[in-house]
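# Per-entry structural report
Below are the chains, spelled out letter by letter.
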Amino acid sequence: MTRTVYALARYQDCAAAIEFLTAAFGFEPHEVSKNDEGVVIHAEILVGDDMIMIGQGKQGGPGVYVAVQDPDAHHDRAKAAGAEITMALTDQPYGSREYACTDPEGNPWFFGTYRP
């Protein structure tokens, strides 16, 4: 299947974002593009079979939800790496166990077991 929708997050420091997202959430860099000065201006990171694009710009926005197998272990890893937990692990009435956090630049991230 060909993707047509991509999640996108903006960062002032994309290189630091890639380092954090890898350490905190277990994402894997796929493609990293740098300008002539060696500054990361665009990157694609993998989350399982899915992709999130990151680029330079003002942080914030609607956030990104990522389905994970073990939200408790994922939460602990993210917290240990410095993510600010904004919603504690919660069992939702629709059957998902999830939490929310922000990364060092304030972008919201949501993780849980729900798969639409």
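Preceding this paragraph is the structure being described.
Here goes a summary of the coordinates provided. All figures in this text were calculated on a predicted structure; none of them were measured in a lab.

Turning our attention to the sheet that holds strand β4 (residues 50-56). Strand order in this open sheet of 4 strands is β1-β4-β3-β2, and the pairing throughout is mixed. What marks the edges here is a single partner per strand, and that holds for β1 (7-11) and β2 (28-34). Strand-to-strand twist in this sheet, taken as the mean axis angle between neighbours without regard to direction, amounts to 20 degrees. Sheet topology note: the β2/strand β3 (residues 40-47) ladder contains 6 bridges and is antiparallel. Pairing of V32 across the sheet is with A43, part of β3. Running at roughly 150 degrees to β4, helix α1 (residues 14-25) makes contact with β1, β2, β3 and β4 of the sheet.

Another aspect to go through is the packing of aromatic side chains. By the definition in use, this model includes 9 aromatic pairs. Pairing F25 with F111 gives two aromatic rings, centres 4.6 Å apart and planes at 50 degrees, and the pair type is tilted. Here F25, found in helix α1, pairs with F111, found in strand β8 (residues 108-112); they are 86 residues apart in sequence, far enough to count as distant. Centre to centre, the rings of Y94 and Y114 are 5.5 Å apart; their planes meet at 75 degrees, and the pair counts as edge-to-face. In this pair, Y94 is assigned in the loop between β6 (84-91) and β7 (97-102) and Y114 in the segment after β8, connecting sequence segments 20 residues apart. An aromatic cluster is defined as three or more aromatic residues linked by ring pairs; in this entry it consists of F20, F25, F27, Y99, W109 and F111.

Counted at 1.5 Å a residue, the expected span for α1 with its 12 residues is 16 Å, and the 15 Å between its end C-alpha atoms agrees. The set of residues buried in α1 consists of C14, A17, I18, F20, L21, A24 and F25. Projection of α1 onto a plane perpendicular to its axis shows the buried side chains occupying an angular sector of 170 degrees, all on one side. Capping the start of α1, D13 holds a side-chain oxygen 3.3 Å from the backbone nitrogen of A15, two or three residues further along. Looking one or two residues beyond α1, the residue adopting positive phi is G26, at roughly 75 degrees.

What counts, and where the lines are drawn
- Residues numbered from 1 in each chain as written.
- Predicted model: local features only at pLDDT ≥ 70, side-chain atom pairs only at ≥ 80, totals over all residues.
- Heavy atoms only, no water.
- Pairing = 2+ DSSP bridges.
- Helix = DSSP H or I, 4+ residues; strand = E, 2+ residues; numbered from the N terminus.
- Axes fitted to C-alpha atoms, helices over the stretch in contact; angles between N-to-C directions.
- Contact = heavy atoms within 4.5 Å.
- Phe/Tyr/Trp six-rings, centres within 6.5 Å; stacked < 30°, edge-to-face > 60°.
- Expected span 1.5 Å × (residues − 1).
- Buried < 20%, exposed > 50% of the residue type's maximum accessible area, 1.4 Å probe, protein only.
- Arc of directions from axis to C-beta.
- Polar contact = N/O pair within 3.5 Å; in protein donor to acceptor, adjacent residues only side chain to side chain.

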